[in-house]
Amino acid sequence: MGLFTVDEARAELARLLPVLDELIAVRADAAEVAVALERGEVRCELGGLPELKGMQARLDELMTQVQQTGAELKGFAPLLVDFPADLDGVPVLLCWLEGDRRLGWYHRLDLGFAGRRPLP
């Protein structure tokens, strides 16, 4: 899909935050229902198997929305979203981690998450 500038990635993240917030909420609900079903409960406060299937479908829709922007969904729990970019001629990923409210990190492609640094 191409590379993002820092400003473009920050703007895209701002548009994606409601989607990411919903993804986190639905993920938590689905986990709760799944554990209840694993314990043999037919239903919990959030529903049963039909509701879980609906939650899983919604998670797929939300993840597709993220990926259609050109961002890369790298982690699910916690959520990790990378935006391919180029900083001073070096290929990098602008890195957003669940809990962040803004895009403030990057890492070189060859270093991965362990090489995260604050954006200048």
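A brief look at the structure comes next. (Residues numbered from 1 in each chain as written. Predicted model: local features only at pLDDT ≥ 70, side-chain atom pairs only at ≥ 80, totals over all residues. Heavy atoms only, no water.)

1. What to know about the nonpolar core
A general feature of soluble globular proteins is that nonpolar side chains tend to end up buried together.
Step number 1: Within the largest apolar cluster, 32 residues are counted, with the highest numbers of intra-cluster contacts made by L20, V81, F83, L94, W96 and L103.
Step number 2: The set of elements that each furnish at least two residues to this core consists of α1 (6-38), α2 (49-67), β2 (79-87) and β3 (90-97).
Step number 3: The biggest single contributor to this core is α1, with 11 residues.
Step number 4: Here W96 is in contact with L13, L17, L20, L79, L80, V81, R101, R102 and L103, once residues within four sequence places are set aside. (Core = buried A, V, L, I, M, F, W, Y, C linked by side-chain atoms within 4.5 Å. Buried < 20%, exposed > 50% of the residue type's maximum accessible area, 1.4 Å probe, protein only. Helix = DSSP H or I, 4+ residues; strand = E, 2+ residues; numbered from the N terminus. Contact = heavy atoms within 4.5 Å.)

2. Here we look at the sheet that holds β3
Step number 1: Read across the sheet, five strands follow the order β1-β2-β3-β4-β5 without closing on themselves; strand pairing throughout is antiparallel. Two strands close off the open sheet at either side, each with one partner strand: β1 (72-76) and β5 (117-118).
Step number 2: Summarising the sheet, β1 and β2 pair through four bridges and their orientation is antiparallel. By the bridge assignment for β2, F76 is matched with L79. (Pairing = 2+ DSSP bridges.)

3. Things to note about the environment of E22
Step number 1: Tracing the sequence through the fold places E22 in helix α1.
Step number 2: Remark: the alpha-carbon pair of E22 and L59, spanning 37 residues in sequence, is separated by 8.8 Å.

4. Quick look at the pairing of β3
Step number 1: As paired strands, β2 and β3 are joined by eight bridges and run antiparallel to one another. Bridge pairing links A85 to V92 in β3.
Step number 2: The hairpin turn running from β2 into β3, its antiparallel successor, is two residues long, and D88 in that turn takes a positive phi close to 55°.

5. Some points on the packing of α1 against α2
Step number 1: Two numbers describe how α1 lies on α2: the axes approach to 9 Å, and their chain directions differ by 150°. Between α1 and α2, the angle falls in the class roughly antiparallel. Like other packed secondary-structure pairs, α1 and α2 cross with a definite hand, here left-handed. Residues L16, V19, L20, E22, L23, V26, R27, D29, A30, V33, A34 and L37 of α1 touch α2, and the partners they reach there are L49, L52, M55, R58, L59, L62, M63, Q65 and V66.
Step number 2: Considered class by class, the residues forming the contact of α1 with α2 number 16 nonpolar, one polar and four charged. (Axes fitted to C-alpha atoms, helices over the stretch in contact; angles between N-to-C directions. Parallel < 35°, antiparallel > 145°, perpendicular 65-115°, else oblique. Left-handed = near helix turned anticlockwise from the far one by under 90°. Nonpolar A, V, L, I, M, F, W, Y, C, P; charged D, E, K, R; others polar.)

6. Considerations on the pattern of salt bridges
Step number 1: In the structure shown here, the tally under the stated rule is nine salt bridges.
Step number 2: A salt bridge links E12 to R15, with the shortest nitrogen-to-oxygen separation between them at 2.9 Å. Here E12 pairs with R15, and both are found in helix α1, just three residues apart, close to one helical turn.
Step number 3: In this structure R15 comes out as exposed when scored by relative accessible area, which is 53%. (Salt bridge = Lys/Arg side-chain N within 4 Å of Asp/Glu carboxyl O.)

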